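Notes for the structure review
Listed here are the chains, written in short residue letters.
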Amino acid sequence: MSHRFRPDLGWSDVTPKADFLNRRQFMASAAAGLIASPALAGLNAKPSVYSTMEKPNSRDDITQYNNFYEFGFDKGDPAKNAHLLTTDPWAVKIDGLVDRPGNYDLGDILTGAPLEERIYRLRCVEAWSLVVPWVGFELSHLLNRVGVQPGAKYVAFETLFRPDEMPGQRRRVLDWPYREGLRLDEAMHPLTILANGVYGEDLPNQCGAPLRLVVPWKYGFKSIKSIVRISLTAEQPPATWNMEQSREYGFYANVNPQVDHPRWSQATERRIGGGLFNARQDTLMFNGYADQVADLYAGMDLKKQF
Ligand SMILES: Nc1nc2c(c(=O)[nH]1)N[C@H]1C(S)=C(S)[C@@H](COP(=O)(O)O)O[C@H]1N2
Ligand SMILES: [Mo]
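So, here is what we can say about the structure in this document. Residue numbering note: each chain is counted from 1, following its sequence as written. Here every chain gets a letter starting at A, and every ligand a number starting at 1, in the order they are written. For a predicted model such as this one, the threshold for reporting local features is a pLDDT of at least 70, and the threshold for listing and counting side-chain atom pairs is 80 or more; totals across whole chains, interfaces and linings nevertheless cover every residue. The side-chain figures draw on all heavy atoms in the structure; neither hydrogens nor water molecules are used.

Some points on the overall build of the protein chain
- Secondary structure is summarised from DSSP: a helix means a run of H or I of at least four residues, a strand means a run of E of at least two, and numbering begins at the N terminus for each. Across its full length, the protein chain carries eight helices and 13 strands.
- Residue exposure (1.4 Å probe, protein chains only): buried if accessible area is under 20% of the type maximum, exposed if over 50%, otherwise partly exposed. Counting the 306 residues in the protein chain, one finds 53% classified as buried.
- Put simply, 72% of the contacts in the protein chain that link residues at least 6 apart link residues at least 24 apart.
- Values of accessible area rely on a 1.4 Å probe in the Shrake-Rupley scheme; residue burial ignores everything except the protein chains shown. Carbon and sulfur atoms make up 52% of the accessible area of the protein chain, which amounts to about 13,600 Å² in all. We call two residues in contact whenever any of their non-hydrogen atoms come within 4.5 Å of each other.

Okay, structure coming up:
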């Protein structure tokens, strides 16, 4: 396919970010075998037809303005505190209704994974948004490797619980560990990725190193960071924000401008780092990915199953 899926304005047409362009050229050269490839996450990543054409946020926007409650509430806390987390060695336990359960080393998970650069919008339930050039691979690739059994209907995810390295976990602000879940068809959708990099390099800890989920048509809180467990289940699994306040945060959490949060509108959003002309913009149904994902919810009342 030679086209990208959203016919919106190409971000490189508006003030290209020089270092990112260089990185892309570098990656293209690396892919062409012109440069010996170092062990960085992104260097073997191919550009993806699923990328938005919108201009990515700067690396600073993406790494200094984060939600990662394990490291504090303020948007700047993860950047300050996340260096405390040890991410090597790292293993992900994959269990439940799978043919080959086990404790998989991160290196094993990444070996042979078809890494791509995926430029996705990220829309937080707090009504801000970012555009992020992730490096990752489709979750379906991993699920197919471990073999999903017929009875599986959901996928549950868990973040690391390690209060000595995650200061936010020393208080019961949330019911740790952070947990999220997807219906199996959502998890198998080609837009759903596990990311191990951003801007062509390994994920910084505050972005969910070494492996985090990215589900671009759902509110950011579904995209769980620093994953240590993936379980295939028959029943809908618990999800942290949904357990915390089910009236405000649904299990589905699809970006939906027509369904307001009980305390604020979801009709518009503020793009982080927009500078002088940072007007609020309309939030798009399914965060702009309706053509790709609306079918998953055919026949559901999205006001009730929000
Ligand atoms: N483990 C964990 N994952 C998490 C969170 C968190 O607090 N803990 N916050 C979520 C929320 S609310 C958002 S908006 C995104 C933010 O991702 P970013 O900081 O990479 O932009 O991460 C999500 N994943
Ligand atoms: Mo969020």
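This is not the end of the story, as more comes after the structure.
Some words on the pairing of strand 3 (residues 102-105)
- For strand 2 (residues 91-96) and strand 3, the ladder comprises four bridges, and the chain directions are antiparallel. Across the sheet, Lys93 pairs through a bridge with Asn103, a residue of strand 3.
- Between the end of strand 2 and the start of strand 3, which pair antiparallel, lie five residues. Only when DSSP finds a minimum of two bridges between them are two strands counted as paired.

Observations regarding the sheet that holds strand 3
- Pairing is mixed in the open sheet, where five strands are placed in the order 3-2-11-6-7. Edge positions in the sheet fall to strand 3 and strand 7 (179-183), since each has one partner strand and no second. For this sheet, the mean angle separating the axes of adjacent strands, direction not counted, is 20 degrees.
- With four bridges joining them, strand 2 and strand 11 (residues 227-233) adopt parallel strand pairing. Note on geometry: axes are C-alpha line fits, over the in-contact stretch for helices, and angles between N-to-C directions span 0 to 180 degrees.

So, helix 5 (residues 139-146)
- Buried within helix 5 are the following residues: Leu139, Ser140, Leu142, Leu143 and Val146. Seen from one end, helix 5 has its buried residues packed into an arc of 160 degrees, which puts them on one side.
- Once helix 5 finishes, Gly147 follows within two positions and takes phi at roughly 80 degrees, a positive value. It is the directions from the helix axis to the C-beta atoms that the arc portrays.

Some points on the environment of Asn205
- Within the element layout of this structure, Asn205 appears in the loop between strand 9 (201-202) and strand 10 (212-214).
- Classification of Asn205 by relative accessible area gives buried; the value is 15%.
- Separated by 122 residues in the primary sequence, Asn205 and His83 have C-alpha atoms spaced 6.4 Å apart.
- With sequence-adjacent residues up to four places away left out, Asn205 is seen in contact with Phe68, Ala82, His83, Leu85 and Thr87.

Considerations on the site of ligand 1
- In the vicinity of ligand 1 there are 17 residues, among which Asn66, Tyr69, Glu70, Ser223 and Lys225 approach most closely.
- One nitrogen or oxygen atom from the side chain of Asn66 is found 2.8 Å from an oxygen atom belonging to ligand 1.
- At 3.3 Å, a backbone N or O of Asn67 approaches a nitrogen atom of ligand 1.
- When residues are sorted by character, Ala, Val, Leu, Ile, Met, Phe, Trp, Tyr, Cys and Pro go into the nonpolar class, Asp, Glu, Lys and Arg into the charged class, and all the rest, Gly among them, into the polar class. For the shell around ligand 1, the class distribution of residues is nine nonpolar, five polar and three charged. A molecule or strand has a residue near it when one of that residue's heavy atoms lies within 4 Å. Whenever two N or O atoms come within 3.5 Å, that pair is a polar contact, provided that in protein one can donate a hydrogen and the other can accept it, and provided that, for residues adjacent in sequence, both atoms are side-chain atoms.

Looking at the nonpolar core
- Joining through side-chain atoms within 4.5 Å is the link that ties buried Ala, Val, Leu, Ile, Met, Phe, Trp, Tyr and Cys residues into a set, and such a set is a nonpolar core. In terms of nonpolar packing, the biggest core is built from 78 residues, with Trp134, Phe157, Leu213, Trp217 and Ile230 touching the most fellow members.
- Examining the composition of this core, we find that six residues originate from one element, strand 5 (residues 128-138), more than from any other.
- Setting aside its immediate chain neighbours within four residues, Trp217 contacts Glu186, His189, Leu191, Thr192, Asn254, Val255, Phe286, Asn287, Tyr289, Val293, Leu296 and Tyr297.

Structural notes on the packing of aromatic side chains
- Only rings of Phe, Tyr and Trp enter the pairing, Trp through its six-membered ring, and a pair is recorded when the two centres are within 6.5 Å. The plane angle decides the type: under 30 degrees is stacked, over 60 is edge-to-face, the rest tilted. Applying the stated criterion to the full structure yields eleven aromatic pairs.
- With centroids separated by 5.0 Å and ring planes inclined at 90 degrees, the aromatic side chains of Tyr65 and Trp128 adopt a geometry described as edge-to-face. Of this pair, Tyr65 sits in the loop between helix 2 (59-64) and helix 3 (77-81) while Trp128 sits in strand 5, and the two are 63 residues apart along the sequence.
- Here the aromatic rings of Phe221 and Tyr249 are separated by 5.6 Å at their centres, their planes lie at 80 degrees, and the arrangement is edge-to-face. Of this pair, Phe221 sits in the loop between strand 10 and strand 11 while Tyr249 sits in the loop between helix 7 (240-244) and strand 12 (268-271), placing them 28 residues apart in sequence. Here Phe221 and Tyr249 have matching classes, each one buried.
- Cluster of aromatic residues (ring-pair linked, three or more members): Tyr69, Phe73, Phe221, Trp241 and Tyr249.
- Between Arg121 and the ring centre of Tyr289, over which it is positioned, the NZ or CZ distance is 5.0 Å.
- In this structure, Lys222 packs its charged tip against the face of Phe251, placed 4.1 Å from the ring centre. Whether a charge sits over a ring comes down to the Lys NZ or Arg CZ being within 6 Å of the ring centre and within 35 degrees of the ring normal.

Functional significance is not addressed by these values, which are geometric in nature.
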